Amino acid sequence: MSKLICKCGHVNPEGSELCQACGRTLTEEAAKRKTNDVMRYEGMARRSQTYHTSIIDKVWNFFSSVKVGVWLIVITLVASAIGTIFPQEFFIPQNIPAVEYYEDRYGIAGKIYYVLGFHDLYGSWWYMLLVAAIGTSIIIASLDRGVPLYKALKKQRVERHDSFLKRQRIYSAYEAKGSQDTLNRLSEGLKKRRYKVRVENGSLLAEKNQFSRWGPYINHTGLIIFLIGAMLRFVPGMYVDEMLWIREGETEIIPGTGQEYLLKNEGFTLETYQEGDSEVFDETIQRTGAIAKNFQTDAILYKKDDNAIAGSTDNITEVDHHAIQVNVPMKFDQFALYQTDYIEDELYKMSFTMDSKETGEPVGSFTVDLFNPNTSGLYELNDGYAVEISGYYPDFSGFDDGEPQSVSPLPNNPAFLFNMISPEHPDGEVAFVAIQQNLEPLGENDYEISFNGIETRDISGLTVRKDLTLWILALGGTIFMFGVIVGSYWNHRRIWIKTDADSNLYAAGHTNKNWYGLKKDIAPAFEYAGLDQPDDHQELKESKGNAKEEDESGTTREHK
Amino acid sequence: MAQLASISSTLLYIAFLLYLVATVFFAGSIKSKKHTNQTGKNRWATIGITITLIGFASQLGYFFARWIAAGHAPVSNLFEFITFFAMMLVAAFIIIYFIYRLHILGVFALPVALLTIAYASMFPRDVSPLIPALQSDWLAIHVSTVAAGEAILSVSFVAGLIFLLKDIDLSKGGKQVFWLESVLFGIILVVGFVLSATVFSVAGYESEFTFVNAEDAETVVHYSMPALVTPNEGELLTEGAFSTGLEMHPLVNAPRLNTVIWSIGVGVILYLLIRLISRRKVAALFQPLVKKANLDMLDEVGYRSVLIGFPVFTLGGLIFAMIWAQIAWTRFWGWDPKEVWALITFLFYAAFLHLRLSRGWEGNRSAWLAVIGFVIIMFNLVAVNLIIAGLHSYA
């Protein structure tokens, strides 16, 4: 490995642009480059700029390039935007196959969208690959720059070569101003501005907020931790996403908790805003109609005792008891229960009367629990009357071969085959009863069953969530945010002052950003030392175009 | 409470007028012959910033009066959010103004804020109650941080626009001239929207249609402008109202498209009138204002705004957003269109910073990026709510 030996005698590693001791430019290419570009990483040798031969070099160089990084960001950005043109697969109705939905609803554009896989864009292998590439780029680009930068900033020399000072954007030479007193005053003035000042052999280095240079590397670390956290989602056991539908009054095992926890729904409430709740809301309510105010499940959380039998709801202990609302989940162990959905007024109980056709009078009444009908015993009425359920069809859909059919176990359209027992008919008379349907399949009866009311109840839809990756994401997010703030709200500022044997003084300044702030920051020190403000050469360059106006205003730039 | 709500509206109106007056003073400050460097102390500018501060105080009054009247932070629908965004834009301008004392910024930043408030006022202005998902302290925290971040980022657009108006040589033509003129045309379109909406609203125009929606159900829609396009199988209910009978696909929100067509129509007429009367490009009309602008300073202000705004936006638009989403929607991230567009905004400004920091994109290029960034912010602010439905499309 070759070394670059500077005129000052310092041996620099291959690839260096500036001598790490005196700041002289080491190569002709570096001399041609803009000062800002050279100064960005202190003219240090970077792996990606030095080695280009092996496969590893090439991969390293590819990912360390900011140009590549920006392209990756832009491609991800455009892809993400495409994903919002039509709704993603998880937003479309669950009862229609995606392949049909997109074409039916959005026509040929929808079909193309589906065929290209954009309906599941964020879960696609190539989107994940893009994110992974960005992650790789962040790691490699940060190592490629951060490590040399750290080395350079840790061993800064106070004295720099004239050429180094001269090429800085803030630079002025002051003839015959280089006295010890001036240097002391500059030092004092800069210290007042909380610069760390080092003086050696008539040279001065003042520096502040070096830590802000680490901002990007800190935020990149945070991002990587965040991405790792996001990947951990796929590790079994880290993440639970279940739905618990629970009827009012019922106790159910909470899915995803390994049968350990149960929940009782004490009641579901849906409230809407009423006119008059607050007069300022009235106009909106009149314009848009009912607005939801609260979705709430009053819930009791139980934990199963150690000796309890799996699957049973006995031997349980109450752990928690409070309302679950939107924005107020119930938290326990590593889980949280969220109010996310509801179904109102599901049929729960049906009341009937058994009437005598002759008198039209009821001989008794009974209530059937649609979830637990008494099919093995009798509903005893008074005076020797009774009703027996000989068939129950909770979701009646019609007859098949004379046999009533039920399409689901849910009581959406309950139907019954009743056997009505009366003193006249001790063996009973058969009646088929469904909503708005009354059949007497075995001939004319003396008695009939009629509806006498229904009882309904609501069903709460609760999301069961466990996410063990949250703390890693929070850690990554915090580090990221910290890094962004450090890198954005502070600036690394340095001032180099040099005096030569002829008592000339040279001043140069550099900052990674916010030049305006740097100039304002150092102005009092220069004033205190009795020196003109050093020139900003970028401004001077631009001012040439405005030379005419400069003349008019009567200002000229000149140095004593 | 109703009285407080009405005081609140009056305060917003006062703020609007004051911003307008302040703009005139800022324009006076850059015209003033004494001040060639466009910064520092200047009597016109001092009056301008004072009026701006009073206007801002008035708008703060609007904000808190409405907060008390409604019982929740007034950032819960499009009118409230966009108004708040405008307030943050003025706040960001004030902060940047006191750092750099750049008068010309006021000449452009305040009109953008004015137009934003005017635009916001086209949406329903009633105080509305909070749906359960919004009933959280995070509403105020998340929304105000996002708006503040976006507003600070928008200052970089203002600086970038001034930069480009001065930097681009209009006589030479070319792509940059075309796009600069397009940006100004876009602003005129917003004026067109405000103008047409205001005229029809003052005239009290309203019509109703029944139509068949995408789910094959019959529904009623309101039009607040004469119907140039009508909804799918739409039938006019209002007697004497105008209708072309030009039916749209059921997926198209016909009254919204109608509004867009009117805005574009009025905007184009406005633009052509300006061109005809002045016989110059709109960009050229602004050039006397920017003649003395200091490009270096504008570039710095633009970059600084991004540096200040980016962390604020990231905190509000991603971090606070994720925390609240975890509480309200059970997951911190769910690829809701608004979330995705917040990510896109974040990625865009991340790219901006990388290009600037590591690839030396300064001056002209940086100014263009600031303009594109603002377009993305506006798209997320407006279009995502109006065009792409999702969890965020309230109001």
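Residues numbered from 1 in each chain as written. Chains lettered and ligands numbered in written order. Predicted model: local features only at pLDDT ≥ 70, side-chain atom pairs only at ≥ 80, totals over all residues. Heavy atoms only, no water.

Named according to an unreviewed UniProt entry, chain A is Cytochrome C biogenesis protein originating from Jeotgalibacillus alimentarius. Recorded in UniProt for chain A, the comment headed Subcellular location (unreviewed entry) runs: "Membrane". (UniProt positions renumbered as here; feature names shortened; annotations may be inferred.)

Enquirer: Looking at this structure, how should I read the side chain of Glu346 of chain A?
Expert: Residues and elements named next belong to chain A. Looking at the secondary structure, you find Glu346 in strand E12 (residues 335–356). Polar side-chain contacts of Glu346 include one of 2.5 Å to the side chain of Arg247. Setting aside residues no more than four positions away along its own chain, Glu346 makes contact with Arg247, Phe371, Leu410, Pro411, Glu455, Thr456, Arg457 and Ile459. (Helix = DSSP H or I, 4+ residues; strand = E, 2+ residues; numbered from the N terminus. Polar contact = N/O pair within 3.5 Å; in protein donor to acceptor, adjacent residues only side chain to side chain. Contact = heavy atoms within 4.5 Å.)

Enquirer: Would you mind showing me how to read the UniProt feature "transmembrane region" (unreviewed entry) in chain A here?
Expert: All names here are of chain A. The UniProt record marks residues 68–86, 125–147, 217–235 and 468–490 with the feature "transmembrane region" (unreviewed entry), using the residue numbering of this structure. Taken end to end, residues 68–86 has its terminal C-alpha atoms 29 Å apart, with 79% of it in helix and 0% in strand. Between the end C-alpha atoms of residues 217–235 there is a gap of 28 Å, over a span that is 84% helix and 0% strand.

Enquirer: Looking at this structure, I do not really get the pattern of salt bridges. What am I missing?
Expert: Side chains that differ in sign of charge can pair as their charged atoms come close. Tallied over the entire structure, the rule returns 27 salt bridges over all chains. Put simply, Glu42 of chain A and Arg494 of chain A hold a salt bridge, and the shortest N to O gap is 2.6 Å. Note that Glu42 of chain A is positioned in the loop between helix H2 (35–39) and helix H3 (47–50) and Arg494 of chain A in strand E22 (residues 493–499), a separation of 452 residues in sequence. For Arg494 of chain A, a relative accessible area of 0% gives the class buried. The shortest N-O distance in the salt bridge between Arg457 of chain A and Glu250 of chain A comes to 3.2 Å. Of the two residues, Arg457 of chain A sits in strand E21 (residues 447–467) while Glu250 of chain A sits in the loop between strand E6 (239–247) and strand E7 (251–253), which places them 207 residues apart along the sequence. Here Arg457 of chain A falls in the buried class, since its relative accessible area comes to 4%. Because the salt bridges share partners, they merge into one network encompassing Arg169, Lys519 and Asp536 of chain A together with Asp296 of chain B. (Salt bridge = Lys/Arg side-chain N within 4 Å of Asp/Glu carboxyl O. Buried < 20%, exposed > 50% of the residue type's maximum accessible area, 1.4 Å probe, protein only.)

Enquirer: Help me understand the interface of chain B and chain A, please; the structure alone is not making it clear to me.
Expert: Frequently, the measure chosen for interface size is the accessible area removed from exposure when the parts meet. Contact with chain B, which involves 71 residues of that partner, is made by 63 residues of chain A. Among the residues of chain B in contact with chain A, Pro129, Thr330 and Trp335 of chain B are the three that bury the most area, contributing 12% of the side total. At the surface where chain B touches chain A, the tally comes to 2 salt bridges. Between Asp126 of chain B and Arg287 of chain A there is a salt bridge whose closest N-O contact spans 3.0 Å. At the surface where chain B touches chain A, the tally comes to 20 residue pairs in polar contact (both at pLDDT 80 or more). Broken down by secondary-structure element, the contributors of at least two residues to the side of chain B that touches chain A are helix H1 (2–31), helix H2 (43–70), helix H3 (78–100), helix H9 (295–328) and helix H10 (337–359) of chain B. Considering every element that reaches the side of chain B that touches chain A, the biggest residue donor is H9 of chain B, with 19 residues. Across the side of chain B that touches chain A, the residue classes break down as 45 nonpolar, 14 polar and 12 charged. (Buried area = accessible area lost by both parts, 1.4 Å probe. Nonpolar A, V, L, I, M, F, W, Y, C, P; charged D, E, K, R; others polar.)

Enquirer: Would you take a moment to explain the sheet that holds strand E1 (residues 207–212) of chain B for this structure?
Expert: The strands making up a sheet associate through hydrogen bonds between their backbones, and the pairing can be parallel or antiparallel. Residue and element names in this part refer to chain B. Read from one edge of the open sheet, 3 strands run E2-E1-E3, paired in antiparallel fashion. Two strands lie at the open edges of the sheet, namely strand E2 (218–223) and strand E3 (235–236), each paired on one side alone. In terms of strand pairing, E1 meets E3 through 2 bridges, oriented antiparallel. Looking at the pairing, Phe209 lines up with Leu236 of E3. (Pairing = 2+ DSSP bridges.)

Enquirer: Got a minute to help me understand the side chain of Ser121 of chain B in this structure?
Expert: Relative to the assigned elements, Ser121 of chain B resides in the loop between helix H4 (103–120) and helix H5 (137–167). Within polar-contact distance, the side chain of Ser121 of chain B engages the backbone oxygen of Ile117 of chain B at 2.8 Å.

Enquirer: Please explain the pairing of E21 of chain A as it appears in this structure.
Expert: In regular strands, side chains alternate between the two faces of the sheet. Residue and element names in this part refer to chain A. Bridging between E6 and E21 involves 9 bridges; their strand directions are antiparallel. For Leu244, the partnering residue across the bridge sits in E21 and is Leu462. Note: E12 against E21, 17 bridges, orientation antiparallel. Opposite Phe352, over in E21, you have Phe451 as the bridge partner.

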